[in-house]
Amino acid sequence: MSKAIDFRPIILAGGSGTRFWPRSRRARAKQVLALDGERTMIQRTVDRLQPLAERDDFWVITNDLLSPTICGQLDVVPEEQIVCEPAARNTAPAAGLAAFLIEKTNPDAVLGIFPADHVISDEAAFLAVLEHAIKIAAAGENMVVLGVTPTRPETGYGYIETGSALDDGSLRVRRFTEKPNQERAEEFVAAGNYHWNSGIFVWSARTLANAIREHLSETAPILQEIAGAYGTPEFRSVFERLYPQCENISVDYAVLEPRSAKGEHHSNLYCLPANFGWNDLGSWAALYDHQLEQANLADKHENVTESAGSLPLDAHGNYVYSPKKFVALVGVKDLVVVETDDAILITTRHHSQDVGKIVKQLAANGREELI
C-alpha cells in the first residue's frame, strides 16, 4: 500500500455482547474476552491491523464501563484516542464521530470501520483485500464494504446484493438486505451474487462525514460540535450533553441503504468479495462451530469442552465452558453449558441466539449484579 495514503483503523467496541452471557457482562463484554485463544477479541482485532497502521493511527469508540479494561489491554493505542460514548447510539453516530474528528486534521484520511469482536482466520488474505479497499476509498468519494462469500444459507447475517463487476475485481453494490428467513437465504446463495455483510467498511473521513451530513442531517451538526470540542477542557461536558441527542441507528440503515438506493452506477458503493475465514461469533453456537472448524478442544464426538478435564459417554455435539471443574457428559446432545463464578447457563445450540433475552429478563427483574 502506498505510504501516501493515511489509513486510520476505527475499532467499534461499545457493544454489550449479551448473547455471550454469563461470561459477557456490561463491564466485561465479549470484545474484551479471550474466546478463541489467549488474546482477547479486541487485542486480536488490533493485532491484525498493525501491519497497515501506526499506533497513533488507531481510534477506539467504546463506553465508560469497558474503557478501563480496554485501556489495559491495548497499550498500543493512545489513551486519548480511546473515546467513551456517554450513551449507546449504535454504529452510525460512533463511526460518524470518528469521521468528524479526523476530518478536522486530514479529510483525505481513509477510515476502516472494524467491529472489535470478529474472528478472521486467514489474516494474510484479509490484509490483501483491505489494502485493495483502502486504495479504492482513497481514489474518490467511494464507499467499500468487505463482503464474505457465503458458504451456507445463513439467516443470522445481513446480505449485500452485488451487480456489475469492475476490472479490478470489485463489484458494484445494488442493495443491502437485512437478515433473511431460511427460504430467502437459500435463494440468495443460489443466486450467486449475494455476499454476507462483514460489517467492515472503508471510506475517507470526508466521504463518511458528508454522507452523515446528507443522510442524518439532524445528527451531523451534533457530531461536528462534539468533534470541535475535542482536545479542549470542555470536551467531556459537551460530549455528555450532546451525544445522547444523536439518532440511535446503525451505519447500515443510516448511510449504506439510502446510498444504495441511488442505484449501482450512481452510489459509489463497492463490494470486495473475499474468503478470509470470517466469523462474527454471534452466539455460543457460532463459537462452537468455529472451534470445531479449527479443531480446537473437540473430541471425536464433536463435543467442545473448556474444562479441567472431561469424560463424554454417549454424548454428541455439546459445548461446555467450566474451566475450573471436571465435566462428565452422559447421554446428552447439542447442549450449551457455561459456568461462571455466579451463574450457570444451560441451553441448546439451536436456542443459543436467544441468550440475550435472559439478560433483558434479568434487567427487568432488577438483577443488576448478574448483568
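Up top is the structure these notes are about.
Residues numbered from 1 in each chain as written. Predicted model: local features only at pLDDT ≥ 70, side-chain atom pairs only at ≥ 80, totals over all residues. Heavy atoms only, no water.

Points about the pattern of salt bridges
- Under the criterion given, the structure shown has 23 salt bridges.
- With its nearest N and O atoms 2.5 Å apart, the salt bridge here joins E369 to R367.
- Connected via shared salt-bridge partners are E161, R174, R175 and E264. (Salt bridge = Lys/Arg side-chain N within 4 Å of Asp/Glu carboxyl O.)

Points about the sheet that holds strand β14 (residues 319-322)
- With respect to topology, 4 strands assemble into an open sheet ordered β12-β14-β16-β17, the strand pairing being mixed. For this open sheet the edge positions go to β12 (304-307) and β17 (344-348), each flanked by a neighbour on one side alone. In this sheet, adjacent strand axes meet at a mean angle of 5 degrees when their direction is disregarded.
- Bridge count for β12 against β14 is 4 bridges, and the pairing is parallel. When the bridges of β14 are listed, S307 appears paired with S322. (Pairing = 2+ DSSP bridges. Helix = DSSP H or I, 4+ residues; strand = E, 2+ residues; numbered from the N terminus. Axes fitted to C-alpha atoms, helices over the stretch in contact; angles between N-to-C directions.)

Regarding helix α3 (residues 91-103)
- In this model α3 runs 18 Å from its N-terminal to its C-terminal C-alpha over 13 residues, within 8% of the 18 Å that 1.5 Å per residue would give.
- When you tally the buried positions in α3, you get 12 out of 13 residues, the bulk of the element.
- For α3, the full list of buried residues reads A92, P93, A94, A95, G96, L97, A98, A99, F100, L101, I102 and E103. (Expected span 1.5 Å × (residues − 1). Buried < 20%, exposed > 50% of the residue type's maximum accessible area, 1.4 Å probe, protein only.)

A look at helix α5 (residues 182-191)
- Where α5 begins, the side chain of N181 points an oxygen toward the backbone nitrogen of E183, at a separation of 3.3 Å.
- Of the residues trailing α5, G192 is marked for its positive phi of about 85 degrees. (Polar contact = N/O pair within 3.5 Å; in protein donor to acceptor, adjacent residues only side chain to side chain.)

Examining the environment of E306
- Within the secondary structure layout, E306 lies in strand β12.
- Separated by 13 residues in sequence, E306 and Y319 have C-alpha atoms that sit 8.3 Å apart.
- Discounting chain neighbours no more than four positions away, the residues touching E306 are Q291, L297, Y319, V320, Y321, S322 and P323.
- In terms of polar contacts, E306 uses its side chain to reach the side chain of Y319, at 2.8 Å. (Contact = heavy atoms within 4.5 Å.)

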